[in-house]
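Examining the three-dimensional arrangement
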Amino acid sequence: MIEGVEFGAALRQLASKAGVQLKRENPELRTQRQRLYEICELATLFFEKQLKEDKSGKEAEQYLESRGITQESIRKWRIGWSPDAWQGLSDFLVGKGYAREEIERAGLSTRNDKGSFYDRFRGRIIFPIFDLNSQVVGFGGRVFAASAEALAKAEREQVAKYVNIPNTLLYDKSRILYGLHEAKQDIRQKQECILVEGYTDAILVSQAGFPNVVASCGTALTPFHLNILKRYSDNILTAFDMDFAGDSATKRGIDLAQEMSFNIKVLLLPEGTDPADIAKKDSGLLSKLIDEA
């Protein structure tokens, strides 16, 4: 209560002054959202456990460590593993009382031509995606093949390196930047946002001492992304590898940021490297490149 006005009344007054129409959320929709949050949290716990206990999960964990990601970062970012099984996660969630249709609505399963459900992520390192309140709302999965046989199979079947869930009631890729839940206060404090392409770039740059970093996850910047970033800073430092930086969609996103009065600097990476490589090998060089952007 502020100045004798209850929260609900104060909200209505502010909305009226701002010309915003408040709408009551459908209770059924609120319940559905809550169940999707629960599914995403349980799935994250499942993936985290598989990284530690599944044989292939342990090999994936060793791979993460070889990339320079510490155990502390694995825990902080809640990185996990999805076993190479058609319904491993789905069966676990059904056992917790959730319907297969709900698991599909959370983006964690899909259907074949015959209508049978199967897990979207199989044999992948899992990166949970968080909203600004640090709740898990989505997932990205990187293919990982521990053996030459598994690698040959992935190449033969032309398996995509990265797979993300589709847009859901909780997750919209045009509105969420990976890592912003962790970076928002540092962006505000440093008055600069370092923008990278992928999950591991964001994790390793943050781990190297630059926590004001977010990732676009291969998606062009949208007005929604930029409006959210505007809350924290008008300054963006892009740190993309040259292939990604040369992408026309990336250029359109940067043009849009300039139109919205962002100040943009470009971090010039040595040829053939990405921010994750530099963060792992030489945080001093990364600091120098940021200063000279």
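In this report, the structure presented in the accompanying data block is examined.

The rules we used
Residues numbered from 1 in each chain as written. Predicted model: local features only at pLDDT ≥ 70, side-chain atom pairs only at ≥ 80, totals over all residues. Heavy atoms only, no water. Core = buried A, V, L, I, M, F, W, Y, C linked by side-chain atoms within 4.5 Å. Buried < 20%, exposed > 50% of the residue type's maximum accessible area, 1.4 Å probe, protein only. Helix = DSSP H or I, 4+ residues; strand = E, 2+ residues; numbered from the N terminus. Phe/Tyr/Trp six-rings, centres within 6.5 Å; stacked < 30°, edge-to-face > 60°. Pairing = 2+ DSSP bridges. Axes fitted to C-alpha atoms, helices over the stretch in contact; angles between N-to-C directions. Contact = heavy atoms within 4.5 Å.

The next thing to look at is the nonpolar core. Counting residues in hydrophobic clusters, the biggest one holds 58 residues, and the most contacted among them are Ile-79, Leu-108, Ile-125, Phe-139 and Tyr-178. It is helix H2 (residues 27–53) that provides the largest number of residues to this core, a total of nine residues. Listed in part, the 17 residues of the second largest apolar core include Leu-221, Leu-229, Ile-236 and Phe-262.

Under the defined criterion, the tally for this structure stands at 10 aromatic pairs. Centre to centre, the rings of Phe-47 and Phe-139 are 5.7 Å apart; their planes meet at 75 degrees, and the pair counts as edge-to-face. Highlighted residues: Phe-47 in helix H2 and Phe-139 in strand E5 (residues 136–143), separated in sequence by 92 residues. A relative accessible area of 2% places Phe-47 in the buried class. For Phe-139, a relative accessible area of 0% translates into the label buried. Relative to Tyr-118, the ring of Trp-86 has its centre 5.5 Å away and its plane inclined at 80 degrees; by these criteria the two rings are edge-to-face. Here Tyr-118 lies in strand E3 (residues 117–119) and Trp-86 lies in the loop between strand E1 (80–82) and helix H5 (88–95), a separation of 32 residues in the sequence. Its relative accessible area of 56% is what places Trp-86 among the exposed residues.

So, on to the sheet that holds E5. Taken in spatial order, the four strands line up as E1-E4-E5-E6 in an open sheet, and their pairing is antiparallel. Unpaired on one side and paired on the other, E1 and strand E6 (162–164) mark the two borders of the sheet. Mean inter-strand twist for the sheet, computed between neighbouring axes without regard to direction, equals 35 degrees. In terms of strand pairing, E5 meets E6 through three bridges, oriented antiparallel. Paired with Gly-140 across the bridge in E6 is Asn-164. Lying on the sheet, helix H9 (residues 199–207) is in contact with strand E4 (124–130), E5 and E6; it crosses E4 at an angle near 70 degrees.

Mapped onto the fold, Gly-88 is located in helix H5. The exposure class of Gly-88 is partly exposed, given its relative accessible area of 28%. Between the C-alpha atom of Gly-88 and that of Tyr-118, which follows or precedes it by 30 residues, the distance is 8.8 Å. If near-sequence neighbours (up to four positions away) are discounted, Gly-88 is found in contact with Phe-46 and Asp-119.

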